[in-house]
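Architecture at a glance
Below, each chain spelled out in residue letters.
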Amino acid sequence: MKKIIHKSMSLFMASVVLMATMSFTMDMHFCGDTFVDYSFSQSADTCGMELSSTTTNCENNMLSQKSCCNDTQLIKQGNDDLKISFSQLSHEQQLFVATFTYSYLNLLDGTTSQETPFFDYAPPFIEQDVQILHQTFLI
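This is a predicted model, so every value here is computed, not measured.

1. Structural notes on the overall build of the chain
Counting its secondary structure elements, the chain contains three helices and three strands. Of the regular secondary structure in the chain, the N- to C-terminal order runs α-β-β-β-α-α. Relative to its 139 residues, the chain shows a buried fraction of 6%. In the chain, of all internal contacts separated by at least 6 residues, the share reaching a separation of at least 24 is 45%. For the chain, the accessible area works out to roughly 13500 Å², and carbon and sulfur atoms hold 61% of it.

Below, the structure is given as structure tokens:
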């Protein structure tokens, strides 16, 4: 049981480090306020609205319509420096780490003695046997 917990905790911690150091980019396409598509590997598919040619009038050929579509890009940068020096910690943090390590290691120590601490003491005096008094027996 202890090995299973140890392996599962190490797998969990490895996945946390992997997720903290991994970076990714997500492309999203919106048409107005409507979410159209997203993509992690390439640019997101569009709705086709920006491909239509902008209309111009003969009287005002400088005026063109602005597209209602917009592309957004979500970038998550990974953390590159994971090694924190123990000397950079404050005195209180060093004291906490040392105390936590000492208490955690002592928590896992099992008792090696097989002696019973209450062997020298007599049991208490029973005035009446409650099981016989109420006639309740485990069968």
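2. Quick look at a nonpolar patch on the surface
Together, Met-19, Met-22, Phe-24, Phe-35, Tyr-38, Phe-40 and Leu-74 make up an exposed nonpolar region whose accessible area comes to about 720 Å². As for its placement among the helices and strands, Phe-24 is situated in strand β1 (residues 24-31). Its relative accessible area of 35% is what places Phe-24 among the partly exposed residues.

3. Examining the pairing of strand β2 (residues 34-39)
In regular strands, side chains alternate between the two faces of the sheet. Pairing geometry for β1 and β2, over five bridges, is antiparallel. Bridge pairing links Cys-31 to Thr-34 in β2.

4. Section: unusual backbone geometry
Of note in this structure, Gln-135 is not a glycine but carries a positive phi near 55°. As for its placement among the helices and strands, Gln-135 is situated in the segment after α3 (130-134).

5. Structural notes on the side chain of Ser-39
You can see Ser-39 is positioned in strand β2. When residues no more than four places from it in sequence are discounted, the contact partners of Ser-39 are Thr-25, Met-26, Asp-27 and Ala-44.

Calculation criteria
- Residues numbered from 1 in each chain as written.
- Predicted model: local features only at pLDDT ≥ 70, side-chain atom pairs only at ≥ 80, totals over all residues.
- Heavy atoms only, no water.
- Helix = DSSP H or I, 4+ residues; strand = E, 2+ residues; numbered from the N terminus.
- Buried < 20%, exposed > 50% of the residue type's maximum accessible area, 1.4 Å probe, protein only.
- Contact = heavy atoms within 4.5 Å.
- Areas by Shrake-Rupley, 256 points an atom, 1.4 Å probe, with all protein chains shown as cover.
- Patch = residues over 30% accessible without salt bridge, like charges linked within 9 Å, V, L, I, M, F, W, Y side chains within 5 Å.
- Salt bridge = Lys/Arg side-chain N within 4 Å of Asp/Glu carboxyl O.
- Pairing = 2+ DSSP bridges.

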